Amino acid sequence: MESALQLPIIDLSSQDRNATALSVRQACLDYGFFYLINHGVEETLLERVFDESRKFFSLPVEEKMKLVRKEHRGYTALYAEKLDPTASTDKGDAKESYYIGPLAGNATENDLNQWPSREQLPSWRATMESFYKQALLAGRQVISLLALALNLDENYFEKIGALDNPAAFLRLLHYPGDLRSLDEEILGASAHSDYGMITLLVTNGISGLQVCKEKSDRPQVWEDVIPIDKAFIVNVGDLMERWTNCLFRSTLHRVIPVGEERYSVAFFLDPNEDCVVECLQSCCTESSPPRYPPIRSMDYLKERLRLTYEDGFA
Ligand SMILES: O=C(O)CCC(=O)C(=O)O
Ligand SMILES: [Fe+2]
């Protein structure tokens with residue numbers, strides 16, 4: 001029987017930035033996961049995002065397939081993705097999703113997004129764009145707390161250009177509740193760590209998310225992350241783990257089927273594509289040298305996506 005994890009709760013509106021940064025540091029050392037409250041993303045907007053998400057995933061599959069994922073934007077069908085490329089089953093994860101990438105209005109980035117037609121879903125695009133912008137603001141604040149938590153200038157990641165044109169992707173997820181698998185265990189999302197800097201996640205209140213703090217332990221111990229209404233669940237990604245020489249943990253997680261329909265919204269905040277991710281000076285010493293060589297952010301992310309999807313970034 002899995003137990004529920006008591007993750008720290010970080011209040012983004014707290015005036016005591018240093019105390020908040022200390023709590024963030026402890027959370028990133030211990031779990032690589034924390035709850036985020038008072039994050040500034042409007043509650044009514046969150047409700048609208050779930051509403052619109054539900055409407056999209058309720059469309060006939062032929063309609064959804066017209067927007068099938070291209071340039072890592074658009075719809076991915078049930079079983080199209082396998083987050084754990086080492087999983088023994090051939091079948092992908094029991095979820096469908098929709099990716100939205102950087103929005104137009106950015107000097108160097110064209111809007112490559114695909115959008116459902118206005119006739120079908122009139123307020124869909126505006127809702128997702130508002131959410132994207134608000135989540136990005138919250139994410140930037142979390143990144144500055146992470147910098148403080150690493151005893152760096154709070155604008156460190158801004159200054160090195162990591163957030164000039166962040167590769168931020170909003171992903172709507174839908175886990176149908178009624179899939180039965182007779183012969184094999186198909187997970188909603190198989191075990192993985194996230195690839196980038198940080199992820200902000202919010203769910204429709206249905207549990208299913210689990211984390212495994214020690215990935216090399218056998219048997220692996222999975223603990224439930226119970227959703228808190230309207231709070232984000234924030235987790236550290238692999239690029240942040242590389243930056244910090246594994247001081248901050250990019251923790252293995254998965255979504256198990258709970259027999260109920262589940263929706264979630266993930267906002268992956270990843271660095272500018274040319275940003276070079278290399279061990280922070282404060283995170284290595286002679287006795288603890290860098291564990292990873294420097295890597296260009298997009299090279300790393302593309303390789304991880306190639307392993308997840310047969311067609312990689314396409
Ligand atoms: O839906 C969830 O709760 C988690 C999704 C997730 O881990 C991911 O998409 O990376
Ligand atoms: Fe994830």
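Summary of the structure given here. None of these values were measured; they are calculated from a predicted model.

1. Considering the overall build of the protein
Looking only at helices and strands, the protein features 7 helices and 14 strands. Dimensions of the protein along its principal axes, counting C-alpha atoms only, are 55 × 50 × 35 Å. Per-residue burial for the protein yields a buried fraction of 54% across its 314 residues. Sequence-distant contacts in the protein: of pairs separated by 6 or more residues, those separated by 24 or more amount to 79%. Accessible area of the protein: about 14,500 Å², with a carbon and sulfur share of 49%. Between the averaged position of the 33 positive side-chain charges in the protein and that of its 48 negative side-chain charges there is a distance of 2 Å.

2. Topic: the coordination of the iron ion (ligand 2)
Looking at the iron ion (ligand 2), the protein donor atoms are His 192 (NE2), Asp 194 (OD) and His 253 (NE2), and they sit 2.1 to 2.2 Å from it. Sequence positions of the donors to the iron ion (ligand 2) reduce to the motif H-x1-D-x58-H. Highlighted residues: His 192 in strand β6 (residues 189-192) and His 253 in strand β11 (residues 252-255), separated in sequence by 61 residues. Across this residue pair, the class does not change: His 192 and His 253 are buried.

3. What about the pattern of salt bridges?
Going through the model one piece at a time under the given rule, you end up with 18 salt bridges. Between Lys 230 and Asp 229 there is a salt bridge, with its nearest N and O atoms 3.5 Å apart. Each of Glu 273, Asp 274, Arg 296 and Asp 299 takes part in salt bridges that share partners, so that together they form one network.

4. What about a nonpolar patch on the surface?
Taken together, the side chains of Val 61, Met 65 and Val 68 present a nonpolar region at the surface, about 220 Å² in accessible area. Relative to the elements of secondary structure, Val 61 occurs in helix α3 (residues 61-65). Relative accessible area serves as the criterion here: at 45%, Val 61 is assigned to the partly exposed category.

5. Comments concerning the site of ligand 1
Arg 171, Leu 173, Tyr 175, His 192, Asp 194, Leu 201, His 253, Val 255, Arg 262, Ser 264 and Phe 268 make up every residue found near ligand 1. In the environment of ligand 1, an oxygen atom lies 3.1 Å from a nitrogen or oxygen atom belonging to the side chain of Asp 194. Protein coverage of the free-state accessible area of ligand 1, which is 300 Å², stands at 97%. Mapped by element, the contributors of at least two residues to the shell around ligand 1 are β5 (167-175), β11 and β12 (262-270). Its residues placed into classes, the shell around ligand 1 shows 5 nonpolar, 3 polar and 3 charged.

6. Some thoughts on the packing of helix α2 (residues 43-57) against helix α4 (residues 124-149)
α4 packs onto α2 with a crossing angle of 135 degrees between their chain directions and a minimal axis gap of 10 Å. By the criterion of interaxial angle, the relationship of α2 to α4 is oblique. As for the relative orientation of α2 and α4, their crossing is left-handed in sense. Residues Leu 45, Leu 46, Arg 48, Val 49, Glu 52, Ser 53 and Phe 56 of α2 lie in contact with α4, whose contacting residues are Trp 124, Thr 127, Met 128, Ser 130, Phe 131 and Gln 134.

7. Comments concerning the packing of aromatic side chains
Using the criterion set out here, one finds 11 aromatic pairs in the structure. Judged by centre distance (6.5 Å) and plane angle (40 degrees), the rings of Phe 57 and Tyr 263 are tilted. With a gap of 206 residues between them, Phe 57 in helix α2 and Tyr 263 in strand β12 connect regions that are remote in the sequence. One exposure class covers both Phe 57 and Tyr 263, and it is buried.

8. Structural notes on the pairing of strand β2 (residues 33-37)
In summary, the side chains of a regular strand alternate between the two faces of the sheet. Among the 5 residues that make up β2, 4 are buried, leaving the element largely enclosed by the rest of the structure. Two elements, strand β1 (residues 9-11) and β2, share 3 bridges in a ladder whose sense is parallel. By the bridge assignment, Asp 11 is partnered in β2 with Ile 37. Since β1 and β2 lie parallel, the crossover through helix α1 (residues 17-30) that links them has a hand, and here it is right-handed. Inspection of the sheet shows β2 paired to strand β10 (residues 232-236) by 4 bridges, in the antiparallel sense. Its bridge partner lying in β10, Leu 36 is registered against Phe 232.

9. Observations concerning the side chain of Arg 171
Topologically, Arg 171 is positioned in strand β5. Within the structure, Arg 171 has its side chain in polar contact with the side chain of Ser 97 (distance 3.1 Å). Setting aside chain neighbours within four positions, we find Arg 171 in contact with Thr 76, Glu 81, Lys 95, Ser 97, Tyr 98, Tyr 99, Ser 264, Val 265, Ala 266, Phe 268 and Tyr 309.

10. Concerning α1
Look at α1: 20 Å from first C-alpha to last across 14 residues, which is about the 20 Å you get at 1.5 Å a residue. Of all the positions in α1, only Thr 20, Ala 21, Val 24, Ala 27 and Cys 28 are classed as buried. Viewed end-on, α1 has its buried residues packed into an arc of 120 degrees, placing them on one side of the element. Among the exposed residues of α1, those oriented more than 90 degrees off its buried face are Asn 18 and Leu 22.

11. What about the environment of Ser 282?
Structurally, Ser 282 can be placed in the loop between β13 (276-277) and β14 (295-296). Every residue in contact with Ser 282, bar those within four places of it in the chain, is listed here: Leu 150 and Leu 152.

The rules we used
Residues numbered from 1 in each chain as written. Chains lettered and ligands numbered in written order. Predicted model: local features only at pLDDT ≥ 70, side-chain atom pairs only at ≥ 80, totals over all residues. Heavy atoms only, no water. Helix = DSSP H or I, 4+ residues; strand = E, 2+ residues; numbered from the N terminus. Buried < 20%, exposed > 50% of the residue type's maximum accessible area, 1.4 Å probe, protein only. Contact = heavy atoms within 4.5 Å. Areas by Shrake-Rupley, 256 points an atom, 1.4 Å probe, with all protein chains shown as cover. Lys, Arg positive; Asp, Glu negative; His and termini not counted. Charge placed at Lys NZ, Arg CZ, Asp CG, Glu CD. Donors = N, O, S within 2.8 Å, 3.2 Å for Na, K, Ca; no water. Salt bridge = Lys/Arg side-chain N within 4 Å of Asp/Glu carboxyl O. Patch = residues over 30% accessible without salt bridge, like charges linked within 9 Å, V, L, I, M, F, W, Y side chains within 5 Å. Near = heavy atom within 4 Å. Polar contact = N/O pair within 3.5 Å; in protein donor to acceptor, adjacent residues only side chain to side chain. Nonpolar A, V, L, I, M, F, W, Y, C, P; charged D, E, K, R; others polar. Axes fitted to C-alpha atoms, helices over the stretch in contact; angles between N-to-C directions. Parallel < 35°, antiparallel > 145°, perpendicular 65-115°, else oblique. Left-handed = near helix turned anticlockwise from the far one by under 90°. Phe/Tyr/Trp six-rings, centres within 6.5 Å; stacked < 30°, edge-to-face > 60°. Pairing = 2+ DSSP bridges. Right-handed = clockwise from strand over helix to strand, strands pointing away. Expected span 1.5 Å × (residues − 1). Arc of directions from axis to C-beta.

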